[in-house]
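Each chain is listed here by its residues.
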Amino acid sequence: MSASEIAELCAALPPDKREEVADFARFLLSRHDDARWEEILAESKPRPRLDAFLRESAAEADEPLNPNRL
């Protein structure tokens, strides 16, 4: 199905239904991005910078976010 076919179908829908179609398309895109990140994270290659960041983050004191320090 082409983008023009989808656009024609959406144009025939009432506005609230067009919004539902758009929301569903956004949902599908977000799921696709999630799957790609899962693939990247599952790779077995070393990530020294990420590992260092995680160690440093874990060593930081737990304190509430202070907007005055931002």
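Just so it is clear, the structure is predicted and the values come from calculations on it, not from any experiment. (Residues numbered from 1 in each chain as written. Predicted model: local features only at pLDDT ≥ 70, side-chain atom pairs only at ≥ 80, totals over all residues. Heavy atoms only, no water.)

Peer 1: So what exactly am I meant to see when it comes to the overall build of the protein here?
Peer 2: A tally of helices and strands in the protein yields three helices and zero strands. The order of helices and strands in the protein, counted from the N terminus, is α-α-α. Once the C-alpha set of the protein is aligned to its principal axes, its extents read approximately 55 × 40 × 15 Å. Put simply, the protein has 70 residues, and 3% of those count as buried. Surface accessibility of the protein: about 6,700 Å² in total, with carbon and sulfur atoms responsible for 59%. Of note, the protein has its 10 positive side-chain charges centred 4 Å away from the centre of its 16 negative side-chain charges. (Helix = DSSP H or I, 4+ residues; strand = E, 2+ residues; numbered from the N terminus. Buried < 20%, exposed > 50% of the residue type's maximum accessible area, 1.4 Å probe, protein only. Areas by Shrake-Rupley, 256 points an atom, 1.4 Å probe, with all protein chains shown as cover. Lys, Arg positive; Asp, Glu negative; His and termini not counted. Charge placed at Lys NZ, Arg CZ, Asp CG, Glu CD.)

Peer 1: Teacher, can you tell me more about the pattern of salt bridges here?
Peer 2: A side chain with one charge can pair with a side chain of the opposite charge if their charged atoms come near. Applying the stated criterion to the full structure yields six salt bridges. For the salt bridge of Glu-20 with Lys-17, the shortest nitrogen-to-oxygen distance reads 3.7 Å. In this pair, Glu-20 and Lys-17 both sit in helix H2 (residues 15-42), three residues apart, roughly one turn of the helix. Judged by relative accessible area, Lys-17 falls into the partly exposed class, the value being 37%. For Glu-19, the salt bridge goes to Arg-26, with nearest N and O atoms at 3.6 Å. Residue Arg-26 is classed as partly exposed on the basis of its relative accessible area, which comes to 48%. Each of the salt bridges in this network shares a partner with another, and the network as a whole consists of Glu-19, Asp-23 and Arg-26. (Salt bridge = Lys/Arg side-chain N within 4 Å of Asp/Glu carboxyl O.)

Peer 1: Explain a nonpolar patch on the surface here, please?
Peer 2: Residues Met-1, Ile-6 and Leu-9 make up a contiguous nonpolar surface patch of roughly 350 Å² in combined accessible area. The topology assignment puts Met-1 in the segment before helix H1 (3-11). (Patch = residues over 30% accessible without salt bridge, like charges linked within 9 Å, V, L, I, M, F, W, Y side chains within 5 Å.)

Peer 1: Looking at this structure, I do not really get the side chain of Arg-47. What am I missing?
Peer 2: Structurally, Arg-47 can be placed in the loop between H2 and helix H3 (48-59). Residue classification places Arg-47 among the buried positions, given a relative accessible area of 19%. Those residues within four positions of Arg-47 in sequence are excluded, and the remaining contacts are Ile-40 and Leu-41. (Contact = heavy atoms within 4.5 Å.)

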